[in-house]
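Examining the three-dimensional arrangement
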Amino acid sequence: MSLVVTLERVLGDESVAELLTTNKLSELACLALYLMYEKKQGRDSLWYPYIKELDRQRGRGQLAVESPLLWTESELDYLNGSPMRDEVVVRDEGIRREYNELDTLWFMAGSLFKQYPFDVPTEAFPFEIFKQAFVAVQSCVVHLQKVSLARRFALVPLGPPLLTYKSNCKAMLTAVDGSVRLLVDRPYKAGEPIIVWCGPQPNSRLLLNYGFVDEDNPYDRIAIEASLNTEDPQYQEKRMVAQRNGKLAIQKFQVCVGKEKETISEMLPYLRLGYISDPDEMQCILSSEGDTCPVSPCSERAVLDQLVVYLKSRLAGYPTTLDEDESMLADGSLEPKKEVATRLVRLEKKMLHGCLQAANEFISGLPDHTVSPCPALYAPELK
């Protein structure tokens, strides 16, 4: 633990550490600030070799790509059509809010910073420098289990960035008897990268945090947001039915890779609610248990048609098709950021195509294909 940086070590007081991280500052912001001040110490800092390595890496992952948080606007265009583009903006705003709170840390943990003959954080470091430090820390911080709150996020100099993350391995860095250990899950030869599990994170999170995309990620997923129409006269009753079945008035459905059909099946009872207009039918549903069953062939066709239109629209929002992505990746000439972005959007499109295929299969299974879809004044909204 003498080579591990945690909030407990940085602040020297576990209660202060817990207070800070339950207020407005994350562990990452505190660790980033600590390393920025240590960097100003130069070679006098105990952490000089580690900071030098972090600077060399600049938050770049194993594909030599840094987090999109550090990409230019034109590079972020590689992510057009993907929810990832908005996630980058949201995370950037969050980092800026934390930057504006850094002086709070300075004043609350005054004893820590007395050793540094420098200005308060927001005067000593411009926002862009803090963001670079934040991204570097984010890319290699280890989330330790079964430790106190002040120790759960740790910088382990012999861990990342010297390890290679994978989604489908079992090796983890764990805290054991005052040390951090890595129990590997496979034999190694000299010179091979050491593989460690990055946790159950979708590829969008892997790219945002670590700068890479894992093609074999069993935890990959995308979200489809559905919401009941608040102008519907029966909105409150429908909301009650949704809540009874564990859903919200605004519900995010997670489409997990390989389980697209299951997600569409889960969505259908929720969407059917929007196509019910007869008060007697609504009362019948309110008095029954379980999910909303198909009301009629025409309303079921309308529900599925809405899903198909939505999925096609979402796919059309990408500037390239799935086939074009496959072709560009097969060519092998993409620069690293373009390549990793293309890999991400390609995997997103494959999940959306899986959903589209499932919806069309449900349409094919309807008993009467001559039925015209029922109109719905208050159909749910899909995002």
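Residues numbered from 1 in each chain as written. Predicted model: local features only at pLDDT ≥ 70, side-chain atom pairs only at ≥ 80, totals over all residues. Heavy atoms only, no water.

- Naming follows an unreviewed UniProt entry, where the chain appears as Rubisco LSMT substrate-binding domain-containing protein of Aegilops tauschii subsp. strangulata.

Concerning the domain arrangement of the chain
- Each assigned domain of the chain is listed here: domain 1 (5–210) and domain 2 (221–382).
- Using C-alpha coordinates to define each centre, domain 1 is positioned 36 Å away from domain 2.
- Here domain 1 packs against domain 2, burying approximately 1,400 Å² in sum over the two surfaces, 68% of which is carbon and sulfur.
- Of all residues in domain 1, Tyr-78, Gly-81 and Pro-202 bury the most surface against domain 2, accounting for 32% of the area lost on that side.
- Our count for the contact surface shared by domain 1 and domain 2 stands at 2 salt bridges.
- We note a salt bridge from Glu-66 to Lys-337, for which the minimum N-O separation is 3.4 Å.
- Across the domain 1-domain 2 interface, the total number found is 4 residue pairs in polar contact (both at pLDDT 80 or more).
- The residue inventory of the side of domain 1 that touches domain 2, partitioned by class, reads 11 nonpolar, 5 polar and 2 charged. (Domains from an automatic or database assignment. Buried area = accessible area lost by both parts, 1.4 Å probe. Salt bridge = Lys/Arg side-chain N within 4 Å of Asp/Glu carboxyl O. Polar contact = N/O pair within 3.5 Å; in protein donor to acceptor, adjacent residues only side chain to side chain. Nonpolar A, V, L, I, M, F, W, Y, C, P; charged D, E, K, R; others polar.)

Let's talk about the UniProt feature "domain: Rubisco LSMT substrate-binding" (unreviewed entry) in the chain
- As annotated by UniProt and renumbered to match this structure, "domain: Rubisco LSMT substrate-binding" (unreviewed entry) occupies residues 230–352.
- Between the end C-alpha atoms of residues 230–352 the distance is 27 Å, and the span holds 65% helix and 6% strand. (UniProt positions renumbered as here; feature names shortened; annotations may be inferred. Helix = DSSP H or I, 4+ residues; strand = E, 2+ residues; numbered from the N terminus.)

Regarding the packing of aromatic side chains
- On inspection of all chains with the given rule, the structure shows 9 aromatic pairs.
- Their ring planes at 75 degrees and their centres at 5.0 Å tell us that Tyr-37 and Phe-125 sit as a pair that is edge-to-face. Of this pair, Tyr-37 sits in helix H3 (residues 27–40) while Phe-125 sits in the loop between helix H9 (121–124) and helix H10 (127–140), and the two are 88 residues apart along the sequence. Taken individually, Tyr-37 and Phe-125 each receive the classification buried, so the pair is uniform in this respect.
- Here Phe-253 and Tyr-270 contribute two aromatic rings whose centre-to-centre distance is 5.6 Å and whose plane-to-plane angle is 75 degrees, an arrangement assigned as edge-to-face. Of this pair, Phe-253 sits in strand S8 (residues 250–256) while Tyr-270 sits in helix H13 (residues 260–273); the two residues are 17 residues apart in sequence, bridging distant segments of the chain.
- The buried category is assigned to Tyr-270, whose relative accessible area is 3%.
- One aromatic cluster is present, built from ring pairs that chain together Tyr-99, Phe-127, Phe-130 and Phe-134.
- Lying over the aromatic face of Phe-127, Arg-96 brings its terminal NZ or CZ to 3.8 Å of the ring centre.
- It is Lys-261 that lies over the ring of Phe-362; its NZ or CZ is 5.5 Å from the centre. (Phe/Tyr/Trp six-rings, centres within 6.5 Å; stacked < 30°, edge-to-face > 60°. Buried < 20%, exposed > 50% of the residue type's maximum accessible area, 1.4 Å probe, protein only. Lys NZ or Arg CZ within 6 Å of the ring centre and 35° of its normal.)

Re the environment of Arg-91
- Along the chain, the position of Arg-91 falls in helix H6 (residues 84–100).
- Between the C-alpha atom of Arg-91 and that of Leu-322, which follows or precedes it by 231 residues, the distance is 27 Å.
- Not counting chain neighbours up to four residues away, the residues in contact with Arg-91 comprise Leu-69, Gln-138, Arg-205, Leu-208 and Asn-209. (Contact = heavy atoms within 4.5 Å.)

Remarks on the state of the cysteines
- Overall, the coordinates contain 1 disulfide when judged by the stated rule.
- Residue Cys-298 pairs covalently with Cys-374 via a disulfide, S to S 1.6 Å. Linking Cys-298 in helix H15 (residues 297–316) with Cys-374 in the loop between helix H17 (336–364) and strand S9 (381–382), this pair joins segments that are 76 residues apart in sequence.
- Of all cysteine sulfurs in the structure, the one in Cys-169 sits closest to Cys-198, which takes part in no disulfide; the separation is 7.3 Å.
- Take Cys-198: its relative accessible area is 6%, and that puts it in the buried class. (Disulfide = S-S within 2.5 Å.)

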